[in-house]
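Each chain, letter by letter, is given below.
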Amino acid sequence: MSSTRQHNSRKRSWSDSSDPEGQLQYPKFFMRNVKGQWRCTICGEDRGYEPLSKARRHEESQMHVRRLRDLDRPRTEHFSDDFDESEDELDHPTTNANTMKQSSGATYRASYLYPTSNHAMSNSESVEHFAGTIHGPALSEDAPEQLYDDWGGELAEWAIEPQIGLEGDRVEDVVDEEEELWTIPFETEAQGDSSDTEASRTLGQRRSKHASFERESSPAADVDNHLLSSPTRAWDRDEAGPDEEDEFAPEELDFEDHDNDPWWPWPNRKTCLLDTTGAFPRSLFSESEMNAVRWYASKNGAQRLPTIRQVKLARERVLNVAGVDPRTHSGQCGHLYTTTDLNKLIAHEFANPVTRARLHLYAEDAGNVLREARHGRRWGVEVDPNLAGPMARSATGKDYYVHEIALANIDEHGTIAPVVIARWFQRGGNLIAKAHPLRTTADRAQFVVDARSSENLEVPLTSFLLNVEDLSSAQVQAKWGLPPPDKVQGVLSSDLPSAPLGEWCHPPRNPWRTRARGRPAYGLPIWLYCDDTSGNISKKWNKHNSVLFVLGGLPYECTTQLHNVHFLSTSNIASPLEMMEHISEALREAREEGIDVWDCESGEDALVIPWVLAFQGDNPMASEFASHIGMCGKCACRVCEAFVDRQQDLETLRNASTSTSRAPTDSNATPPGAHPAPNENATSKHLTDRKWLSEFMTAGKPRSKAQTLADLKAQETRAFGGAPSAVDGMATDTGTKDKYFLYFLDKLQRALNEWREDHKNTGTNGSSVPGAAPSTRSELQQSFLRKLRQEMPDNLFNPVLNIPDFDANSDSPLEVLHVVLLGVVKYWWRDAVSRQNSEGKEELKTRLDSLDTSGLAMASSPRGQTLVYYAKSLVGRDFRVVLQVAPAVLHGMIPEPAYEAWLALCRLAPLVYQDKIGDLQDYTKRLESAVFDFLAATALWTTQWFNKPKFHLFVHLLEHIRRFGPAPIYATETFESYNLVIRLRSVNSNKHAPSLDIARAFSHLHAVRHLVCGGWVSFDQEGRQITPRQAGQGVRDLFKDPVLCQLMCLSDADGNHKPGTVSCPDTDDQLAETSVICCLGHYIPVKSEKTCAYSKTQTYKENLNLRLPPTLTRCRSVILLNKDRVDLGKYVLYRQEVSRDMHEPSASTHVGRVEEILVDPEYRRICGILITRCEVGQAVMPYRMPSCRAKEGDRTFVVFEELLATVNTIHNCVKHQCMPTRTRVVYQERYETNERADEITHQTHPEDRILNLAQLRSMEALHRFRVAAQYPGLSLDNVLDQAISVRTALDEEVQRKKDEAQRKKDEAKRKREETQRKKAESQRRYSEAPGQAPSRRAQNKQRNVPGPSASVGRPMESPASQGISQIQGRGGHNAWQARTAVERTRHPSGAQYSPPTLSGMVPYPYPSAQAAPHPLHLPAYNPHIPATSYQPTMFNSQPREPAHQEGGAQRDMAASYPSAMADSAYLNAWAHYSSSSGGGQQ
């Protein structure tokens, strides 16, 4: 409640300040608080704050007028008897007690406001100067003959004028004097004219001189000291800091609502400019950044800047004028979301002169040309005529609506006959009606509509004479012998004589005529878009679903501009379909009632009927809007019903295969390993694969909204019949799956589960009885389900299905960004990179880095490091580069079938991205052939790619182009780039209410854009409806500021780009613009020279007989009309003969190499370009592109207007075997280093070039150079057979490799088993030998010693060798490093073990022993340690005393270790030990 009262008080205060009749005459003598109340500062401090009405009455009171007269003129001029005081009293007015009492609260006294230095004059001089006038109004004590003049004294500079912007004053200076009245009440703008501020500076000087004296001499000095030190009296200080101004500033600024206010609806220029910084789409200013701007401006001399709080309050008033009224709604799924007002957005676009001038409202018949959406069949033929163009207004003011009868001149012979208007369209800028002639019955009492296609008429608007209103007159009917317009018997639609008449279902008057009430009515198509984006700048995903739209009647170049994208809604909790609830309802209401707009082009009210032309979005979102299961389902196509019945067919074939495979076999069956003979099973599989491929490569039966609704109705019936879980199977079989319906389905499933849990044992009478009757339980369940259905909304299905005249299945065209670049190119490039090893990746990187990309309109050369090593993280623009350079870099890097598929894609992609189709019939043939070749080449590579449903969507591409125009028109690049605009609004909010905050931010962005563009508004700052008006002139002049237009993404909105304008650096290093005779572009001169003589140019040496200026400027590059940049030595497309349409290719189109660019420096015009002609030859294998070889010596001089576009050429590296060399200089941090990298320099025959037809720009002009040969050039049947053969061969190869791997695996397993068998046999023989010691494992168990670890393929180590290994782990002697295989032999008697003889040693007999040996633990050898310190150590035994007797060590070892543990490694170790200790003998 308190916020409401505060808002109301603000509204009242703003209203009071904006009312010219409710203003104070001298508001600077009053102080205003945040509540909009006023307090007089010169009539005593005891006065409190009052409303404006009481303050006005006080301003007219006697006490206040007397104080004004004291401040306005010296008292000597007052002729009133009450002021006839002595001279002493005038010089010392403070000595009077009464005067002091009245003026105790007055801050400014006449004695120090007018010092003696400036006013030391006699009474007579004062009277002569002021001519006997005083300040008004008249008081009762004034003399009857008194004269009044409010503008003759010192206060004249401070009065509020009824008008601003007087002659001789700058408007911005006058406005600056009136802004920020709260800061410096007695000072004017410092930047104003000297004449305007002279009086204020004089007053300031007088105050500064006499302020201290007055405070000391006046009894009110204490009061004055308090007021002067108060922040509210900041005018008595030299300067007020920004923080102090912000703290004590009122919340609102004074607004002027005059028609000539240059900054309306903002209060002043500073507030307008500061508020505009928050409306930059891609450069949003936060509050902290606005404060930084205020600080910067204040440090550069700007004063009295509005605070952020004031800017916000001013913004609210601006939103009342031009905002789009965001409102929050509650969805049926339980989420809140905010949407903008669709009606206001459309109304503002019709009131925006920039948008309205480019908006087309009728379909256009362009013949064989297809360049815009209005040229397509969807708008021109398919949609309801009431939406395509419901009416047309003739020059006489008569309205002719569709489906109405009119009288017109139907041919060139002057035949006048009645017709029925079927549709309005444009041709050549003229409105034409497609009409059906009317026949009459024999008695001429009724009409018959002749709707046969052979009888259709085309009648221009200028040929219509009478409309249905005129024909309703009985006199007109009698004059022309016609029946009344409401008498229509039927429709004749067949040429058969016996065919019955169809029913005419249209009323005599179109319903839109009644709704329009004399206003013109227009249809308005829109492109609807929805996608998800992140609300964070960081990598943390914060999903926001956003709904946007663009007017479909705008030209293609306008739809790609961000300022034409309109925001409808966003939410991070509500699903897209839930947000579409309100949007669909708004579209449906607008379809029924229309939208009232004010058309700025005609200057009158109009009625607009919006309708959805098509939906744009990625494939998952398009499937969601179409209630489709998605591209991961069995029925993966949202456009057609491909594979809907495939599962049933496969089951049938599988059953047939099973029955045939069960036939009995005989002894003559095919042996294992041999190829089986063809049988019915193989034939069945072949037919299955063939049918699947055929269905994938062709378009199936189109899906429709009606079929989708029927499928959903069946699912609803099944679900509420008690089987909600069966819906998933139905969705899989039909491909119809509604995510909006799933919310209610899950709710139903949970409720039904709870009911079943609670009614497990419900009986007939409602009691819990085990074994209840099934019929009774079913009836109770159905009753519960019916009650549950009544509690749910009436519509449980996708709200998009309720949008009239929109079918999401057929009206969601193929989107080239996600299907081509982020689809096929991404899949294939990752495949190509993944195939390479490290060397292959380096070679591919070198090829990319060495490639010449001139003519491909790339911002920079491709970076091979990024494209190769970060192939998984690439985006659309990277794949756009890959697509255009793939033929030059992939040959030899991938298999030949894969390379042929890449070439087929590179032939198709330029046709897909062709934005202007000059010959639709020829284009249709080429595109259809290219699509088939692409799918065929893909199938011949491998049909595994057809597991990606995006490949199937190409079969629908041609139909979408016919219906909606060229594919780039409905590409989503513009909407995808708009995600940044949404993300910035999300980041700069507190994220407590993201949907509402973002919608409000876009409302402000739209309002500023609309006002700056000069849009007309119908509401004032308080939201009251007014006569349409524009923003102030100062606001509209911002549209002429190029920097502001660039920040607001309006740089291309004015359409003022003229081909005859050239920009170049002049002598002052600034840009100058000069209009010249011919079409020019932007050029860059050569840095080494400014001008040169014509005789020194290369053009002069060619003797071309040209008349050129004697002094010229040679340039290194020039920007063409299509914004392509061509450099010296690069290739360009040109024509010698200029046609009417510069963008139309002709037979005279040629390719040339630029040799020299000449510019006239005096007029800054391009004289021409010297070009070497190139010969374009036949196709070069394996590139399948034409050769392009420059003809040296054959040069021509081409004027600028003959240049069409740049082209790209590649070197024939395959023929000349170009190899990389390590010669490329490596730069780091822009510094040249000594490092060198690989590059391909094309030193061999560099003139052997190939015309790269994979480039995506200017493909229409390059059409005549396309190669006629096709690949693979097969029919569909042959492609299917070969693809199946290739797939079979690949499957066999895969199976062969699997069999080979399995064979190797089995062989390895057999070898392991054999090894284990031999080992077990050896152990068995060893354990069975007489007198043999127990096994090592048994001995280790007895001594609690872990047994040896046996590894595969390696002999088991003896305990002695294990001990040596442990010694080696501790850094043992080198003698123990070399280990030999243990040779274990048994003496035939089994009594003695003989180890192998070592060099320098004699065999030493070891007696056999039954005890298991212990591993040795020998210390490392050190020559500085006494030999007696070395001794063997046993596991689990104490150290032994050293043996000092001769031979004692050998005897101890012989007694401790059995003969079975002697091996070569042990003997080596023991020999070294014995020799070092001195106890052994050799």
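One pass over the structure, following the stated rule, counts 67 salt bridges. Here Asp 450 makes a salt bridge to Arg 439, at a shortest N to O gap of 3.0 Å. You can see Asp 450 sitting in strand 12 (residues 447–450) and its partner Arg 439 sitting in strand 11 (residues 430–440), a full 11 residues away along the chain. By relative accessible area, which is 0% here, Asp 450 ends up buried. Three or more residues joined by partner-sharing salt bridges are found here, namely Arg 377, Arg 378, Glu 382, Asp 811, Glu 959, Arg 962 and Arg 963.

What follows covers the packing of helix 14 (residues 287–299) against helix 15 (residues 308–322). For the pair helix 14 and helix 15, the least separation of the axes is 11 Å and the interaxial angle reads 115 degrees. Of the two possible hands of crossing, helix 14 and helix 15 adopt the one that is right-handed. Residue-level inspection shows Glu 287, Met 290, Asn 291 and Arg 294 of helix 14 in contact with helix 15, the latter providing Ile 308, Lys 312 and Arg 315.

To continue, consider the packing of aromatic side chains. Tallying each qualifying case throughout the model produces 31 aromatic pairs. Each ring, one from Trp 692 and one from Phe 696, has its centre 5.6 Å from the other, and the planes form 25 degrees; the classification is stacked. Within this pair, Trp 692 and its partner Phe 696 are both found in helix 27 (residues 680–696), separated by four residues, close to a single helical turn. Relative accessible area serves as the criterion here: at 2%, Phe 696 is assigned to the buried category. The ring of Phe 720 has Arg 789 lying over it, and the distance from NZ or CZ to the ring centre is 5.7 Å.

Before going further, it helps to spend a moment on the state of the cysteines. Going through the model one piece at a time under the given rule, you end up with zero disulfides. The thiol of Cys 43 is unpaired, and the distance to the nearest cysteine sulfur, on Cys 40, comes to 3.5 Å.

Burial of strand 30 (residues 1149–1160) is extensive: 11 of the 12 residues sit out of reach of the surface. Note: strand 27 (residues 1111–1119) against strand 30, three bridges, orientation antiparallel. The residue of strand 30 that forms the bridge with Arg 1114 is Leu 1158. Taken together, the five bridges between strand 29 (residues 1131–1135) and strand 30 define a ladder with antiparallel strand orientation.

Further remarks concern the pairing of strand 27. With two bridges connecting them, strand 26 (residues 1092–1093) and strand 27 associate as antiparallel partners. Bridge pairing in strand 27 places Ala 1093 opposite Thr 1111. Pairing of strand 27 with strand 28 (residues 1125–1127), which is carried by three bridges, proceeds in the antiparallel orientation. Its bridge partner being in strand 28, Ser 1117 is matched across the sheet by Asp 1127.

What follows deals with the environment of Ser 1051. Position of Ser 1051 relative to the elements: it lies in the loop between helix 43 (1042–1047) and strand 23 (1061–1065). Taking the C-alpha atoms as reference points, Ser 1051 and Gln 561, separated by 490 residues in sequence, lie 9.2 Å from one another. Contact partners of Ser 1051, with chain neighbours within four places excluded, come to Cys 1045 and Gln 1046.

Here the focus is helix 28 (residues 705–719). When the terminal C-alpha atoms of helix 28 are compared, their 21 Å separation across 15 residues agrees well with the 21 Å that a helix rising 1.5 Å per residue should span. Of all the positions in helix 28, only Lys 705, Thr 708, Asp 711, Leu 712, Gln 715, Glu 716 and Ala 719 are classed as buried. Take helix 28 and look down its axis: the buried residues cluster within an arc of 140 degrees, on one side only. Away from its buried face, by an angle of more than 90 degrees, helix 28 presents the exposed residues Ala 706 and Thr 717.

Within the secondary structure, His 566 sits in strand 18 (residues 566–571). Of note is the side chain of His 566, whose polar atom sits 3.2 Å from the side chain of Glu 349. Beyond its immediate sequence surroundings of up to four residues, His 566 is in contact with Leu 345, Glu 349, Leu 548, Phe 549, His 1006 and Arg 1009.

Buried residues dominate helix 16 (residues 342–350), accounting for seven of its nine residues. Of all the residues in helix 16, the buried ones are Leu 342, Leu 345, Ile 346, Ala 347, His 348, Glu 349 and Phe 350. By the N-cap criterion, in which a side-chain oxygen at the helix start approaches the backbone nitrogen of a residue two or three places on, helix 16 is capped by Asp 341, the distance to Asn 343 being 3.0 Å.

The next point concerns the environment of Glu 404. Within the fold, Glu 404 resides in the loop between strand 8 (399–401) and strand 9 (405–409). Reaching out from Glu 404, the side chain makes a polar contact with the side chain of Arg 513 at a distance of 2.8 Å.

To continue, consider the sheet that holds strand 19 (residues 595–599). Across the sheet, which stays open at both edges, the seven strands sit in the order 5-6-18-17-16-20-19 with mixed pairing between neighbours. Every other strand in the sheet has two partners, leaving strand 5 (327–330) and strand 19 as the edge strands with one partner each. Neighbour to neighbour, the strand axes of the sheet diverge by 30 degrees on average, direction disregarded. Examined bridge by bridge, strand 16 (residues 521–534) and strand 20 (residues 604–616) share nine bridges and lie parallel to one another. For Ile 526, the partnering residue across the bridge sits in strand 20 and is Val 612. Along the sheet, helix 40 (residues 979–987) makes contact with strand 16, strand 17 (543–551) and strand 18, crossing strand 16 at roughly 65 degrees.

If you trace the backbone, Pro 887 turns up in helix 35 (residues 876–889). For the pair Pro 887 and Cys 906, spaced 19 residues apart in the sequence, the C-alpha separation amounts to 7.8 Å. Contacts of Pro 887, omitting those with residues within four sequence positions, involve Tyr 899, Leu 903, Cys 906, Tyr 1183, Met 1185 and Ala 1254.

Residues at a pLDDT of 70 or more form 70% of the protein, whose mean pLDDT is 76. A low-confidence stretch, residues 160–245 (pLDDT under 50), is modelled with 137 contacts involving residues beyond four sequence positions or located in other chains.

Thresholds, definitions, all that
- Residues numbered from 1 in each chain as written.
- Predicted model: local features only at pLDDT ≥ 70, side-chain atom pairs only at ≥ 80, totals over all residues.
- Heavy atoms only, no water.
- Salt bridge = Lys/Arg side-chain N within 4 Å of Asp/Glu carboxyl O.
- Helix = DSSP H or I, 4+ residues; strand = E, 2+ residues; numbered from the N terminus.
- Buried < 20%, exposed > 50% of the residue type's maximum accessible area, 1.4 Å probe, protein only.
- Axes fitted to C-alpha atoms, helices over the stretch in contact; angles between N-to-C directions.
- Left-handed = near helix turned anticlockwise from the far one by under 90°.
- Contact = heavy atoms within 4.5 Å.
- Phe/Tyr/Trp six-rings, centres within 6.5 Å; stacked < 30°, edge-to-face > 60°.
- Lys NZ or Arg CZ within 6 Å of the ring centre and 35° of its normal.
- Disulfide = S-S within 2.5 Å.
- Pairing = 2+ DSSP bridges.
- Expected span 1.5 Å × (residues − 1).
- Arc of directions from axis to C-beta.
- Polar contact = N/O pair within 3.5 Å; in protein donor to acceptor, adjacent residues only side chain to side chain.
- pLDDT = per-residue confidence, 0-100.

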